[in-house]
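Listed here are the chains, written in short residue letters.
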Amino acid sequence: MDSYLHGFSAEEQNRLQEQADILAPMVFKRVDFSTSTKLLEVGSGVGAQTLQLLTRFPHLHITCVDRSSKQLKEAKKALIGFESRLSFLEQDGCKLAIDERFDAAFVCWTLEHVSEPRQLLARLREHLIPGSKVYLTEVFNASFYVSPGYDGLEKYLANMSAYQKKIGGHPDIGIELGNLLVETGFANVETVFDGFYFDKRKTESKKKYLPYWKELLKSASHNLLNFGYCDSQLLIEVENDFEKLAEDENAIFFYQFVQAKATIH
Ligand SMILES: C[S@@+](CC[C@H](N)C(=O)[O-])C[C@H]1O[C@@H](n2cnc3c(N)ncnc32)[C@H](O)[C@@H]1O
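One structure accompanies this document, and this report is about it. Quick caveat, the model's predicted, so the values are computed rather than measured. Sequence order sets the numbering: in each chain, residues are counted from 1 along the sequence as written. It should be noted that, the model being predicted, local features are given only for residues of pLDDT at least 70 and side-chain atom pairs only at 80 or more, the latter also being counted only at that level, while totals for whole chains, interfaces and linings use all residues. Side-chain descriptors were evaluated using all non-hydrogen atoms of the structure, hydrogens and water having been removed beforehand.

**Here's the deal with helix α9 (residues 232-247)**
Put simply, the test is: Only DSSP runs of H or I reaching four residues or more are called helices, and only runs of E reaching two or more are called strands; each is numbered from the N terminus. Each residue after the first adds 1.5 Å to the expected span of a helix. Residue exposure (1.4 Å probe, protein chains only): buried if accessible area is under 20% of the type maximum, exposed if over 50%, otherwise partly exposed. Throughout, the arc means that of the directions going from the helix axis to the C-beta atoms. Contacts are assigned to residue pairs that have any heavy atoms within 4.5 Å of one another.
For α9, spanning 16 residues, the distance from its first C-alpha to its last is 23 Å, which sits close to the expected 22 Å at 1.5 Å a residue. When we look at burial in α9, the residues that qualify are Leu234, Val238, Asp241, Phe242 and Leu245. An end-on view of α9 places all buried positions within 100 degrees of arc, on one side of the element. Away from the buried face of α9 by more than 90 degrees, exposed residues Ser232 and Glu247 are located. Summarising the contacts, the buried residues of α9 are in contact with β6 (145-147), α5 (151-166), α7 (203-218) and β8 (252-263).

Laid out in structure tokens, this is it:
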């Protein structure tokens, strides 16, 4: 089985760039690295969040770590012009070994794909000096709620979570972040929920974000089809459900992700 839910196609790499842009107002609402200087980003992917960090915090030097050479290659292209503020390392975050210490860390949409998230956080902590600031942002797929009557979409998401668990991932890891951070020795751990809640009061936001959601869910379809977690009929139902969601002003769409903030004693 493919051990990465979304794969590494050019289409997926492009989706990650667009995702970072569209979600930035939520993801970066509370992120403050204004007093940090050397940031470690684990699971930096194609550099989509890195770009957000570089532009928001112009004094930061960022070390991008990803276990995929394909993602790092794309990140280097996407971040041309910022070379003096960047380092790139191909490493598994669970075995992180860098001869350097950092005063900030950022991990986004990554722990859900890591079979040993505790180990990654423990290694991350080893690389941070006292006083460091850490932000983790992760999915909580069990919070997904659509109504009335979106059986296809519900089934697809349930299958996606089942497949992700099967390959060692954690579709609900957001809700675990508090425990994980405390267990791995981080201090001052705080968690907040943010996300999407559309009903007839929010039809404009719904129109804005539904295409993003459709692309996000579709990005797993190749693997779900290949490994028997989805068939062409279910994909048609999902497509129809998205159309219905867009048109039905009574539709309710709800999803929450979790952002954790912590420091090092
Ligand atoms: C969904 S992408 C998110 C990328 C980026 N944080 C963003 O928000 O655009 C997850 C990334 O984590 C990387 N990854 C997964 N497991 C990893 C591990 N154990 N160590 C390092 N990187 C990992 C994948 O290669 C992928 O690039």
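There's plenty left to go through after this.
**Notes on the pattern of salt bridges**
Rules: For this document, the term salt bridge refers to a Lys or Arg side-chain nitrogen within 4 Å of an Asp or Glu carboxyl oxygen.
Within the structure shown, the criterion is met by 11 salt bridges. Two residues, arginine 15 and glutamate 12, come together in a salt bridge whose shortest N-O distance is 2.8 Å. Here arginine 15 and its partner glutamate 12 are both found in helix α1 (residues 10-27), three residues apart, which amounts to about one turn of the helix. Overall, the relative accessible area of 8% leaves arginine 15 in the buried class. Under the relative-accessibility criterion, glutamate 12 is labelled buried at 4%.

**Comments concerning unusual backbone geometry**
Glycine aside, residues mostly have negative phi angles, and peptide bonds mostly take the trans form. A cis geometry characterises the amide bond from serine 147 onward to proline 148, with omega recorded as -5 degrees. With respect to the helices, strands and loops of the structure, proline 148 is situated in the loop between β6 and α5. A positive phi angle, close to 50 degrees, is found at asparagine 188, a residue other than glycine. Tracing the sequence through the fold places asparagine 188 in strand β7 (residues 187-198). The exposure class of asparagine 188 is exposed, given its relative accessible area of 51%.

**Topic: the environment of asparagine 141**
Structurally, the position occupied by asparagine 141 is in the loop between β5 (128-138) and β6. Under the relative-accessibility criterion, asparagine 141 is labelled buried at 9%.

**Thoughts on a negative patch on the surface**
The cut-off we apply is this: Patches draw on residues past 30% relative accessible area with no salt bridge. Two like charges within 9 Å are joined, as are two nonpolar side chains (Val, Leu, Ile, Met, Phe, Trp, Tyr) within 5 Å. Reported accessibility uses the Shrake-Rupley method at a 1.4 Å probe radius. Residues are deemed covered only where the shown protein chains occlude them. Positive charges come from Lys and Arg, negative ones from Asp and Glu, while His and the chain ends are left out of the count. A charge is said to be at NZ when it belongs to Lys, at CZ for Arg, at CG for Asp and at CD for Glu.
Side chains of Asp151, Glu154, Asp231 and Glu237 sit close together on the surface and give a patch of like negative charge. You can see aspartate 231 is positioned in the loop between α8 (221-226) and α9.

**Examining the environment of glycine 45**
Relative to the helices and strands, glycine 45 resides in the loop between β1 (38-42) and α2 (48-56). Taking C-alpha positions, glycine 45 is 22 Å from arginine 30, a pair spaced 15 residues apart along the chain. If near-sequence neighbours (up to four positions away) are discounted, glycine 45 is found in contact with Asp66, Gln71, Leu72 and Ala75.

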